[in-house]
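This is what each chain is made of:
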Amino acid sequence: MSVYTQLSQQDFDQICELYELGKLISFKGVADGIENTTYFFNTDKQGIQSEWVFTLFEYTQPQALPYYLELYDHLYQQGVPVPDPLLTKQNTRLITLHNKPGAVFPKLPGRTPNELTPELCFQCGEQLAKFHLAGESYPQQHDCPKGLVFWQTSVEQFNELSEEDKSLIKDCIQRYQAAINGLPKTSVHGDLFHDNVLVDNSKITAIIDLFNASYDYAVYDLAITLNDWTLNQTHRIIKDRYQAMLDGYQSVRPLSEQEHAALPIMQQTSAMRWWLSRIDTARTFQSQKDQDTTSSKDPNQMKAQLLALLEQLG
Ligand SMILES: Nc1ncnc2c1ncn2[C@@H]1O[C@H](COP(=O)(O)OP(=O)(O)OP(=O)(O)O)[C@@H](O)[C@H]1O
Ligand SMILES: N[C@@H](CCO)C(=O)O
């Protein structure tokens, strides 16, 4: 479920007016995604029909939105295939609707990939490395709200965690802290799971959902991506996919020796990070939404991933 706020024809007429998009043809809510309300809508301006995406931000911290939207634009200008958020007549990228911030993006071609072939993993690695290189010149820096401080606090506070879970997490945090000194940082996507990529004709056409982006370690971002794209259902590494993603990444941005050495602990950190943030999301849903929470993802999958990665990577 990803339509938390029901939008009407009047809302879309207002959006068309604010962005000078011409006449509304149709609109429909999008059933993917978790955190935001997403709609597709079509317009006609002087006979030219266009497709758009409207996102109403339900949970993203409003003060961080300019950072994300300008990052989209920065990456787009450098040739990374992200949708460039539209400017309104007033030259802003954000509008307010139902007392919440919202933005319009061009609807890019393609669909979430069904099959993560080694060829697609190679392309994803290439695109991520291009993202990291382009991200180096982005002037704004933003810490990930789901970073070290969040891990340290939530491991103490979440009563969903057993004592054994807590020591597993604390051990992971310690090893992360020992590995990071001197690792290069850049603007990272932070959530390049395969459902944040669109594919058309076996080619990646878009990278979407930059709302977990931050200034962070490039190799940590690669680890997040590897964990989603190159592990099987029981969290075992699928070697040809894993190697293909690393090759694709390094064809654009070779990893340093230190980054290579840090990769296993970064993969474990990624599993730990999503374990904690999935618990956090489930808590937020329970406290703020009187509705079906089945769309929030299972935190225990990430605990299992962490355990499997510890077994495989040491
Ligand atoms: N610019 C775009 N072009 C085409 N489709 C898009 C675009 N942006 C979003 N979508 C579609 O809308 C869906 C939901 O978008 P998005 O992933 O941003 O939502 P979300 O609620 O933030 O998701 P998440 O759970 O990953 O945080 C995507 O899976 C994709 O199908
Ligand atoms: N990709 C994340 C959801 C991000 O909103 C997860 O699998 O938990």
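Remember, it's a predicted structure, so these values are computed and weren't measured experimentally. (Residues numbered from 1 in each chain as written. Chains lettered and ligands numbered in written order. Predicted model: local features only at pLDDT ≥ 70, side-chain atom pairs only at ≥ 80, totals over all residues. Heavy atoms only, no water.)

What to know about the pattern of salt bridges
A pair can form between side chains of opposite charge whenever their charged atoms are brought close.
Here is step 1: Counted under the stated rule, the structure contains 11 salt bridges.
Here is step 2: Among the ionic pairs, Asp73 bridges to Arg93, the shortest N-O distance being 3.4 Å. With Asp73 in helix H2 (residues 65-77) and Arg93 in the loop between H2 and strand S4 (95-97), this pair connects stretches of sequence that are 20 residues apart.
Here is step 3: Take Arg93: its relative accessible area is 17%, and that puts it in the buried class.
Here is step 4: Two residues, Asp165 and Lys303, come together in a salt bridge whose shortest N-O distance is 2.9 Å. You can see Asp165 sitting in helix H5 (residues 163-179) and its partner Lys303 sitting in helix H9 (residues 299-313), a full 138 residues away along the chain.
Here is step 5: Owing to a relative accessible area of 8%, Asp165 belongs among the buried residues under this scheme.
Here is step 6: A relative accessible area of 24% places Lys303 in the partly exposed class. (Salt bridge = Lys/Arg side-chain N within 4 Å of Asp/Glu carboxyl O. Helix = DSSP H or I, 4+ residues; strand = E, 2+ residues; numbered from the N terminus. Buried < 20%, exposed > 50% of the residue type's maximum accessible area, 1.4 Å probe, protein only.)

Section: the sheet that holds S4
Here is step 1: Read from one edge of the open sheet, five strands run S1-S2-S3-S5-S4, paired in antiparallel fashion. Both outer strands of the open sheet, strand S1 (23-29) and S4, are each paired with one neighbouring strand and no more. The average undirected angle you get between the axes of adjacent strands in this sheet is 35°.
Here is step 2: The sheet contact formed by strand S3 (residues 48-56) and strand S5 (residues 100-106) spans five bridges and is antiparallel. (Pairing = 2+ DSSP bridges. Axes fitted to C-alpha atoms, helices over the stretch in contact; angles between N-to-C directions.)

Quick notes on the site of ligand 2
Here is step 1: In the vicinity of ligand 2, the contacting residues are Glu35, Asp191, Phe193, Trp274, Arg278 and Lys297.
Here is step 2: Within the contact set of ligand 2, an oxygen atom lies 2.7 Å away from a side-chain nitrogen or oxygen of Arg278.
Here is step 3: A distance of 3.4 Å separates an oxygen atom of ligand 2 from a polar side-chain atom of Lys297.
Here is step 4: Relative to its unbound accessible surface of 260 Å², ligand 2 loses 90% to contact with the protein.
Here is step 5: When the residues that make up the shell around ligand 2 are grouped by side-chain class, the tally is two nonpolar, no polar and four charged. (Near = heavy atom within 4 Å. Polar contact = N/O pair within 3.5 Å; in protein donor to acceptor, adjacent residues only side chain to side chain. Areas by Shrake-Rupley, 256 points an atom, 1.4 Å probe, with all protein chains shown as cover. Nonpolar A, V, L, I, M, F, W, Y, C, P; charged D, E, K, R; others polar.)

Description of the site of ligand 1
Here is step 1: Ile34, Glu35, Pro106, Leu108 and Asp209 are the nearest of the 18 residues found near ligand 1.
Here is step 2: The contact in question runs from a nitrogen atom of ligand 1 to an N or O atom on the backbone of Pro106, over 3.0 Å.
Here is step 3: At 2.9 Å, a backbone N or O of Leu108 approaches a nitrogen atom of ligand 1.
Here is step 4: Protein chains bury 91% of the 620 Å² of accessible surface belonging to ligand 1 in isolation.
Here is step 5: Broken down by class, the residue content of the shell around ligand 1 amounts to nine nonpolar, four polar and five charged.
Here is step 6: In this structure, the shell around ligand 1 is formed jointly by two domains, domain 1 (9-106) and domain 2 (118-313), each of which donates at least three residues. (Domains from an automatic or database assignment.)

Focus on the nonpolar core
Here is step 1: Core analysis: the biggest nonpolar cluster contains 74 residues, and Leu210, Leu222 and Met266 have the highest contact counts within it.
Here is step 2: A total of 10 residues in this core trace back to one element, the largest contributor, which is helix H8 (residues 257-288).
Here is step 3: Counting residues in hydrophobic clusters, the runner-up holds 17 residues, among them Ile15, Cys16, Phe41 and Leu97. (Core = buried A, V, L, I, M, F, W, Y, C linked by side-chain atoms within 4.5 Å.)

Here's the deal with the domain arrangement of the protein chain
Here is step 1: By domain assignment, the protein chain separates into domain 1 (9-106) and domain 2 (118-313).
Here is step 2: A C-alpha centroid distance of 26 Å is found between domain 1 and domain 2.
Here is step 3: On the side of domain 2, 29 residues touch domain 1, which itself brings 24 residues to the contact.
Here is step 4: Between domain 1 and domain 2 lies a buried interface of about 2,200 Å² when both sides are counted; carbon and sulfur atoms form 66% of it.
Here is step 5: Interface area lost by domain 1 to domain 2 is led by Ile34, Tyr59 and Tyr67, which between them contribute 30%.
Here is step 6: Inspection of the region where domain 1 meets domain 2 yields zero salt bridges.
Here is step 7: Along the contact surface separating domain 1 from domain 2 lie 11 residue pairs in polar contact (both at pLDDT 80 or more).
Here is step 8: Looking at the side of domain 1 that touches domain 2 element by element, the count peaks at 10 residues for H2. (Contact = heavy atoms within 4.5 Å. Buried area = accessible area lost by both parts, 1.4 Å probe.)

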